[in-house]
Amino acid sequence: MKNKQLVENILKHVGGTANIATAAHCMTRLRLNLKDTSLVDEAALNQVEGVMGVVNKGKQTQIVIGTDVANVYKDFIELTGLSEEAAVEENLDDVKSDLKKKKGNLLTGFFETIAGIFNPIVPALAGAGLVRAILTIAVVFGLDSSGNTYFVINTIANGIFTFLPFLLAASAAKQFKMNQFVALTICAAMMSGSWAGLIAEGTTTFSFLAIPFTVVNYSSSVLPMVFAIWFASWVERMIDKFIPGALKIILVPCLTMLIATPIALMTIGPVANWVGLQLAAVVTVLFEKGGVFAGLIYGGIYSAMVVLGIHHGMVPVLVQGITTQGFNYISPASGSANMAQAGAAFGVWLKSKNPKTKTIAASATIAAVTGVTEPAIYGINFKFKKPFMAAAIGGACGGAFASFFALKAYAMGGPSFLNFAMFIGDNPSNVWLVMAAFAISFIVSAVLTVVFGFDENR
């Protein structure tokens with residue numbers, strides 16, 4: 001068992017297995033729900049080799065391990081005999097809790113809902129984007145863009161964007177606690193080729209019960225399906241209250257479809273589609289007209305958005321840009337902020353005298369360079385404050401560089417040095433300039449961290 005010593009040391013300082021009610025993990029933390037938190041020796045835990053930090057949250061003790069937490073968790077479960085729990089989303093719970101206490105619960109809930117809907121489908125979008133990038137590289141090296149091989153791979157790359165509403169319907173139904181298959185049926189009705197056929201014939205308006213509405217092709221759309229399924233979930237719950245048990249299986253789905261689908265087609269869909277297009281257009285204009293200032297501001301504040309969890313609110317904008325324009329201007333700036341966090345953590349590694357801090361900083365730097373910034377943010381930079389400020393400045397510099405050259409991302413994914421393929425597009429220099437923006441962010445943040453210094457005794 002590779003992590004046996006680490007697990008045993010953790011157990012020793014949390015009151016042993018008997019004191020643990022449940023154990024789970026997120027992207028970087030081991031999360032232990034304890035029966036008696038007074039048995040936790042936080043100072044001793046922080047000194048354990050392999051532990052980057054400790055966050056106490058009520059009866060839950062969160063132990064920051066880093067990107068190897070999944071393997072540590074497996075050994076933890078095997079050694080303790082506890083039941084394995086599903087992985088949970090990474091977040092800074094104490095900050096979010098403070099937001100809720102300050103009557104920010106609605107806003108926080110909104111961003112968490114957005115994350116719950118879009119995060120599950122991001123890997124599929126990122127994978128398709130990588131396929132598209134590989135295809136672009138293959139064409140540069142001689143692949144015939146009019147041949148069958150190109151056609152098949154291109155179909156694989158673009159299929160998810162054409163039928164994106166189906167993925168959103170399934171994910172939204174799960175988030176809104178609605179029957180997923182009913183949600184997919186509503187999506188199928190809105191995505192029916194009948195509407196595309198009418199549009200092809202020049203029909204722009206139709207009617208239902210003599211009520212006219214705009215005909216929209218929802219292929220590749222983002223917001224319409226999310227709002228349609230939210231409304232359908234509300235209809236489903238209302239109907240379910242009044243239908244007798246024996247008839248629920250037939251009448252609840254039937255009435256949900258008959259009520260929710262026409263309303264979605266007549267009002268929710270067209271309005272949400274317009275809002276989505278305008279949102280993408282506004283962001284595009286901001287980056288095209290705002291010049292260096294757009295990237296400077298976004299690159300500078302993005303890491304703070306991550307800490308607050310509100311960066312999830314940008315995911316629909318990113319997806320909308322990719323599906324409607326084939327690119328977005330945001331990812332090069334947010335990627336600069338990510339690489340700035342890596343640079344700040346590297347600066348901590350250079351400056352630190354404490355062997356444990358050096359080890360944690362080195363691990364956090366490597367993780368951040370690959371796009372996983374949580375260990376750098378929560379385990380090092382935010383903890384020491386000044387490195388986090390240095391990262392904000394570095395992110396602003398890289399973001400300004402990216403927006404000055406109007407750099408683009410052509411696919412979804414975690415922007416990083418490792419995920420360079422998402423920046424490969426029609427302009428060959430785009431990817432190299434993005435890497436330059438990332439390098440600027442990294443170097444500026446590292447230098448400022450070394451110059452400003454930090455208090456290692458925090």
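Residues numbered from 1 in each chain as written. Predicted model: local features only at pLDDT ≥ 70, side-chain atom pairs only at ≥ 80, totals over all residues. Heavy atoms only, no water.

## Focus on helix 5 (residues 122-140)
The condition that has to hold: For the purposes of this entry, the term helix denotes a DSSP run of H or I that reaches at least four residues, the term strand denotes a run of E that reaches at least two, and both are numbered from the N terminus. Expected helix span is given by 1.5 Å per residue-to-residue step, counting one fewer step than there are residues. For each residue, the accessible area found with a 1.4 Å probe, counting protein chains only, is set against the maximum for its type, and the residue is called buried under 20%, exposed over 50%, and partly exposed in between. To be clear, the arc concerns the directions from the helix axis to the C-beta atoms. By definition, residues are in contact when any of their heavy atoms lie within 4.5 Å.
The terminal C-alpha atoms of helix 5, which comprises 19 residues, lie 27 Å apart, in line with the 27 Å expected from a rise of 1.5 Å per residue. If you check which residues of helix 5 are buried, you get L125, A128, G129, A133 and L135. Viewed along the axis of helix 5, the buried residues span an arc of 155°, placing them on a single side of the element. Lining the buried residues of helix 5 we find helix 6 (148-162), helix 7 (164-175) and helix 13 (315-325). Two residues or fewer past helix 5, G142 is found with a positive phi of approximately 115°.

## Some details on the pairing of strand 2 (residues 29-34)
Using the following cut-off: By definition, two strands form a pair when at least two bridges between them are found by DSSP.
Counting buried residues along strand 2, five of its six residues qualify, which places the element largely inside the surrounding structure. Of the strand pairs in this sheet, strand 1 (residues 20-25) and strand 2 are connected by five bridges, and their pairing is antiparallel. By the bridge assignment, I20 is partnered in strand 2 with L34. Between strand 1 and strand 2, which pair antiparallel and follow one another directly, the connecting turn spans three residues. Where strand 2 meets strand 4 (residues 60-64), five bridges bridge the pair, whose relative direction is antiparallel. Among the inter-strand pairings, L30 is bridged to a residue of strand 4, identified as I63.

## Considerations on helix 16 (residues 374-384)
Counting buried residues in helix 16 gives nine out of 11 residues, a clear majority hidden from the surface. Where helix 16 is concerned, the buried positions are E374, P375, A376, I377, Y378, G379, I380, N381 and F384. K385 occupies a position one or two residues after helix 16 and carries a positive phi of about 70°.

## Quick look at the confidence of the model for the protein chain
Low pLDDT marks regions whose predicted coordinates should not be analysed in detail. The test is simple: Per-residue confidence from the prediction method is given by pLDDT, with values spanning 0 to 100.
Confidence in the prediction of the protein chain, expressed as mean pLDDT, is 84, and 92% of residues score 70 or more. Long-range and interchain partners of residues 91-104, a stretch whose pLDDT sits below 50, account for 27 contacts in this model, where long-range means more than four residues apart.

## A closer look at the packing of aromatic side chains
Inclusion rule: Each Phe, Tyr or Trp ring, with Trp reduced to its six-membered ring, pairs with another whose centre is within 6.5 Å; inter-plane angles below 30 degrees give stacked pairs, above 60 give edge-to-face pairs, and intermediate values give tilted ones. Ring-over charges, as used throughout, are those where CZ of Arg or NZ of Lys falls within 6 Å of the ring centre and within 35 degrees of the ring normal.
Considering all chains together, one arrives at 17 aromatic pairs under this definition. Measuring from centroid to centroid gives 5.6 Å for Y298 and Y302, while their planes differ by 45°, and the two rings are tilted. With a gap of four residues between them, Y298 and Y302 both fall in helix 12 (residues 292-308), about one helical turn apart. Among the residues examined, Y298 registers a relative accessible area of 10% and is labelled buried. Judged by its relative accessible area of 12%, Y302 falls in the buried class. With a centroid separation of 5.6 Å and an interplanar angle of 20°, the aromatic rings of F346 and W349 are classed as stacked. Taken as a pair, F346 and W349 lie in helix 14 (residues 330-351) at a separation of three residues, close to a single helical turn. F346 gets classed as partly exposed once you look at its relative accessible area, which sits at 29%. Classification of W349 by relative accessible area gives partly exposed; the value is 33%. Taken together, F287, Y298, Y302, F327 and Y329 form an aromatic cluster joined through their ring pairs. Of note, K358 hangs over the ring of W349, and the distance from its end group to the ring centre comes to 4.9 Å.

## Regarding unusual backbone geometry
In this structure, K177 takes a positive phi of about 60° despite not being glycine. Position of K177 among the secondary structure elements: in the loop between helix 7 and helix 8 (180-191). Relative accessible area serves as the criterion here: at 70%, K177 is assigned to the exposed category. The phi dihedral of A406 falls on the positive side, at around 50°, and the residue is not glycine. Relative to the helices and strands, A406 resides in the loop between helix 17 (386-404) and helix 18 (429-452). Judged by relative accessible area, A406 falls into the partly exposed class, the value being 33%.

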